[in-house]
Structure formats: C-alpha cells, structure tokens
Amino acid sequence: MTLTITPVTEADRADWEALFRAYADFYKTEARAAEPQVWEWIQSETEPYWADIARDETGQALGLVQYSLMHRSLSGGMVVYLSDLFTVPQARGKGVGRALIDHVRAFARDRGYSSVRWLTAENNEAARKLYDSYAPASGFILYSVAP
C-alpha cells in the first residue's frame, strides 16, 4: 500500500472530524465538545500542535496522528508528545500506524528533539504490540485527578 502523510488543512476538515470522532469512539469517550478547540490548535500558526492524515493512493483517509511539544524539566529540553494516533479498522495491521509514528519521529529528529512519547490504554493490545516494537513500555503509571 502506498501512503501519503500530509498536514491537516481546512480542506481536510470532514476527514479529520470523521477520524477524530472514530478515535474518540474507540476510547468510548465523547469529543465533539473539544473539536472546535482542537481544530483551532491545528490551524493556529503559533500553537505548537500538529495533525497529519495518512491517505492511500486513492486519497482515502486511513489514519490520523496529532502531536505537540512538551517540556521535560529533568533534561531542560523539549520532547514531542504524540497525543493521538488512530487508524481506521480496515487499515490496521497494514503499516499505517507505523508510518504515522515514523512520520512523527522524523519530525522530532529533523528539529533536534530527543524523543517522542505517548500513552496508550493498558488493554489496547493490538497497539501495544506495535509500540513494543519501538521500545519496551516505560513502567510509568498515569494518574489523572480532578482539580
């Protein structure tokens, strides 16, 4: 399969929305209220937040990746945080997820960032198989509490 990965533009809004909503559905959450804010981040010239879509040779949108910069106080530097990665079910196992991760890794490498980080659900076994091919899980546990 031939893939093209390009930044999300205004012309991609419908495909982005479909992928973003499918991603939210996968994690059994509602994201429609967040869509306007996330779309604003993507379209901003000053916000360090990016979104890219992977398409096949026919132009069909197969996957979405969204990423931003994150401060790392112990190193005194910045890393790339891959916040969202999603591929449509029919594209899973065909290299789309790997291509999107490698795309973000190239982004980080080209700009001199030391690493790319991301989280996933503990029970997301299919994704973890892919992620484990890059590096073992970090061993850190995420806590999220209300203010």
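Structural notes, computed from the coordinates.

Conventions adopted
Residues numbered from 1 in each chain as written. Predicted model: local features only at pLDDT ≥ 70, side-chain atom pairs only at ≥ 80, totals over all residues. Heavy atoms only, no water. Salt bridge = Lys/Arg side-chain N within 4 Å of Asp/Glu carboxyl O. Helix = DSSP H or I, 4+ residues; strand = E, 2+ residues; numbered from the N terminus. Buried < 20%, exposed > 50% of the residue type's maximum accessible area, 1.4 Å probe, protein only. Pairing = 2+ DSSP bridges. Contact = heavy atoms within 4.5 Å. Axes fitted to C-alpha atoms, helices over the stretch in contact; angles between N-to-C directions. 1 Å grid on protein atoms, 1.4 Å probe; cavity = no way out; pocket = protein on both sides within 12 Å on 5 of 7 lines; lining within 4 Å. Points joined across faces, edges and corners; volume = space filled by probe spheres on them. Nonpolar A, V, L, I, M, F, W, Y, C, P; charged D, E, K, R; others polar.

## Thoughts on the pattern of salt bridges
Under the counting rule described, the total for this entry stands at seven salt bridges. Salt-bridge contacts for R21 lead to E17; the nearest nitrogen and oxygen are separated by 4.0 Å. Of this pair, R21 and E17 both sit in helix α1 (residues 13-26), four residues apart, which is roughly one turn of that helix. Under the relative-accessibility criterion, E17 is labelled buried at 19%. With a closest N to O distance of 3.9 Å, E30 and R32 form a salt bridge. Classification of E30 as exposed rests on a relative accessible area of 58%.

## Description of the sheet that holds strand β2 (residues 49-55)
Spatially, five strands are ordered β1-β2-β3-β4-β5 in an open sheet, and the strand pairing comes out mixed. Across the chains shown, the open sheet's two edge strands, defined by having one partner strand only, are β1 (4-7) and β5 (116-117). Bridge analysis of β1 against β2 gives four bridges, and the strand direction is antiparallel. When the bridges of β2 are listed, P7 appears paired with D52. The sheet strands contacting helix α2 (residues 35-43) are β2 and β3 (61-72), and the helix crosses β2 at an angle near 90°. Its contacts with the sheet put helix α3 (residues 96-110) on β1, β2, β3, β4 (77-87) and β5, and the angle it makes with β4 is roughly 160°.

## Observations regarding the layout of surface pockets
If a probe the size of a water molecule is rolled over the atoms, the empty space left behind becomes visible. Considered as a void within the structure, the largest pocket measures approximately 1200 Å³ in volume. A per-class count over the lining of the largest pocket returns 18 nonpolar, five polar and seven charged. Put simply, the second largest pocket is a space of about 430 Å³. Counting only elements with at least two residues in the lining of the second largest pocket, the list comes to β4, α3 and α4 (125-132). Examining the composition of the lining of the second largest pocket, we find that five residues originate from one element, α4, more than from any other. For the lining of the second largest pocket, the class distribution of residues is ten nonpolar, five polar and four charged.

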